[in-house]
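Given next are the chains, with one letter for each unit.
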Amino acid sequence: MRLTDIEIEQCLDNGTIVMEPRPAPDAISGVSVDVRLGNQFRVFKDHTAPYIDLSGPSAEVQQAMDRVMSEQITIENGDAFFLHPGELALAVTYESATLPADIVGWLDGRSSLARLGLMVHVTAHRIDPGWHGRIVLEFYNSGKLPLALRPMMTIGALNFERLAQPVARPYNTRKNAKYKDQQEAVASRISQDS
């Protein structure tokens, strides 16, 4: 069952769900908590490689990733990151979240932004039970005009769903958890797949 605003506030009060900084009461509505855009971004330098062979040897995949991903870009408060049509960029939420082993989170983009062509998570919108860290956003501009994204703007909302029982393998206890405790716009670690 999805948690209601009353249940979300209870979970925040008793520490079952931790969000830092804690959301203001007006950021909690119905079944969700608004999250804001942080100031860290990464982009693809697509001119540095003709392709990435995702089925190639791990070392070659990692070399290709290292060639095509930018270093972290930090945007100061008040400044904007411009996402052009057809571009993909990684960013991070301002808030970090910690979930227990019996709650899964879901990140949804804002309808008002989607109507302008902004996809906030492309496809990866599940926040696993046991997660701790900031949430990486996978932005894609499917619209016709560049979009100015500013740190601290409301970028999406988290919903929470209580599971019938705790999972046996919470995210932060798994040895193969590639994004454990992430705090920045971490690039793909597909080369670490087994």
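Quick note: structure is the one above.
Residues numbered from 1 in each chain as written. Predicted model: local features only at pLDDT ≥ 70, side-chain atom pairs only at ≥ 80, totals over all residues. Heavy atoms only, no water.

Asker: Can you tell me about the side chain of His121, naming the residues and giving the values?
Answerer: Turning to its location among the elements, His121 is positioned in the loop between strand E8 (118–119) and strand E9 (126–127). A residue is classified by how much of its surface remains accessible, and His121, at 17% relative accessible area, is buried. A polar contact is formed between the side chain of His121 and the backbone oxygen of Leu107, at a distance of 3.3 Å. What His121 contacts, discounting residues up to four positions off in sequence, is Leu107, Asp108, Gly109 and Glu138. (Helix = DSSP H or I, 4+ residues; strand = E, 2+ residues; numbered from the N terminus. Buried < 20%, exposed > 50% of the residue type's maximum accessible area, 1.4 Å probe, protein only. Polar contact = N/O pair within 3.5 Å; in protein donor to acceptor, adjacent residues only side chain to side chain. Contact = heavy atoms within 4.5 Å.)

Asker: Before we move on, can you summarise the packing of aromatic side chains with the specific residues and values?
Answerer: This structure, assessed with the given rule, holds 1 aromatic pair. On the basis of an interplanar angle of 5 degrees and a centroid distance of 4.2 Å, the ring pair of Phe41 and Phe81 is categorised as stacked. Linking Phe41 in strand E3 (residues 32–43) with Phe81 in strand E5 (residues 81–83), this pair joins segments that are 40 residues apart in sequence. Take Phe41 and Phe81: they sit in the same class, and that class is buried. (Phe/Tyr/Trp six-rings, centres within 6.5 Å; stacked < 30°, edge-to-face > 60°.)

Asker: Now, about the pattern of salt bridges: what can you tell me, with residues and values included?
Answerer: It is possible for side chains of opposite charge to pair when their charged atoms get near one another. A full pass over the atoms with the stated rule returns 5 salt bridges. Of the charged contacts, one joins Asp128 and Arg126 as a salt bridge, the two residues approaching to 2.5 Å between their closest N and O atoms. (Salt bridge = Lys/Arg side-chain N within 4 Å of Asp/Glu carboxyl O.)

Asker: Describe a nonpolar patch on the surface, naming the residues involved and giving the relevant values.
Answerer: A cluster of nonpolar side chains, contributed by Phe44, Leu88, Met119 and Val122, occupies part of the molecular surface with about 300 Å² of accessible area. With respect to the secondary-structure elements, Val122 resides in the loop between E8 and E9. (Patch = residues over 30% accessible without salt bridge, like charges linked within 9 Å, V, L, I, M, F, W, Y side chains within 5 Å. Areas by Shrake-Rupley, 256 points an atom, 1.4 Å probe, with all protein chains shown as cover.)

Asker: Please give an account of the side chain of Asn159 that cites residues and values.
Answerer: In this structure, Asn159 sits in strand E12 (residues 154–162). Since its relative accessible area comes to 3%, Asn159 is described here as buried. Polar contacts involving the side chain of Asn159 include one to the side chain of Asp108, which spans 2.5 Å. Setting aside residues no more than four positions away along its own chain, Asn159 makes contact with Arg2, Val31, Ser32, Val104, Gly105, Trp106 and Asp108.

Asker: Please give an account of the nonpolar core that cites residues and values.
Answerer: In this structure, Ile17, Met19, Leu118, Phe139, Ile155 and Phe160 are the most contacted members of the largest nonpolar core, which totals 34 residues. Secondary-structure elements contributing two or more residues to this core are helix H1 (5–14), E3, E5, strand E6 (88–98), strand E7 (103–109), strand E10 (132–141), strand E11 (147–149) and E12. The element contributing the most residues to this core is E3, with 4 residues. Among residues more than four places away in sequence, those in contact with Phe139 are Leu37, Phe41, Leu83, Glu87, Leu88, Ala89, Ala91, Leu118, Met119, Val120, Leu149 and Ile155. (Core = buried A, V, L, I, M, F, W, Y, C linked by side-chain atoms within 4.5 Å.)

Asker: Let's hear about the pairing of E6: which residues, and what values?
Answerer: The buried fraction of E6 is high, at 8 of 11 residues. Alignment of E3 against E6, held across 4 bridges, turns out to be antiparallel. Bridge pairing in E6 places Arg42 opposite Leu90. Here E6 runs beside E10; their pairing, made up of 8 bridges, is antiparallel. Opposite Ala91, over in E10, you have Leu137 as the bridge partner. (Pairing = 2+ DSSP bridges.)

Asker: Break down helix H2 (residues 58–68) for me, citing the residues and quoting the values.
Answerer: Looking only at H2, the buried set comprises Val61, Ala64, Met65 and Val68. Seen along its axis, H2 keeps its buried residues to an arc of 100 degrees; they face one direction. Seen from the open side of H2, the exposed residues pointing more than 90 degrees away from its buried face are Ala59 and Asp66. Buried positions along H2 lie against E3. (Arc of directions from axis to C-beta.)

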